[in-house]
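Residue-level structural notes
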Amino acid sequence: MSDAYVVGDPDGLSPLLVELRDAISRELYAQLALRAERIELDAVPEVAYQITRQVERTLTGHRPIW
């Protein structure tokens, strides 16, 4: 059992994983909006790149609590 679950987080994710999930969701939503709600197979590498950038920004801005 993860610590996040023990402290009452209903989805069982740590705060960092929640931030990453939200960043990925925002980017997917933006990409779908840009692409008329359809991601073509040839666009997957670009979408993956943009998601990776969002993850990088999230990790760069994350300050771990020790």
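Residues numbered from 1 in each chain as written. Predicted model: local features only at pLDDT ≥ 70, side-chain atom pairs only at ≥ 80, totals over all residues. Heavy atoms only, no water.

**Re the side chain of Q31**
Keep this limit in mind: Only DSSP runs of H or I reaching four residues or more are called helices, and only runs of E reaching two or more are called strands; each is numbered from the N terminus. Relative accessibility under 20% of the residue-type maximum defines a buried residue, over 50% an exposed one, and the middle range a partly exposed one, all with a 1.4 Å probe and only protein chains included. Here, two residues are considered to be in contact whenever any of their heavy atoms come within 4.5 Å of each other.
Here Q31 is to be found in helix α2 (residues 15–34). Accessibility expressed as a relative area gives 5% for Q31, which makes it buried. Discounting residues that sit within four places of it in the chain, Q31 has contacts with V47 and Q50.

**Observations concerning helix α3 (residues 44–61)**
Helical geometry note: an α-helix holds 3.6 residues per turn, so side chains three or four residues apart project in the same direction. Using the following cut-off: A helix is expected to span 1.5 Å for every residue after the first. Picture the helix axis, draw a direction to every C-beta atom, and the arc is the one those directions span.
An ideal rise of 1.5 Å per residue puts 26 Å on 18 residues; α3 measures up with 26 Å between its terminal C-alpha atoms. Every buried residue of α3 is accounted for by V47, I51, Q54 and T58. The arc enclosing the buried residues of α3, seen along the axis, measures out at 55 degrees, which places them on a common side. Facing away from the buried side of α3 by over 90 degrees, the exposed positions are P45, T52 and T60. Looking at the packing, one finds that the buried side of α3 touches α2.

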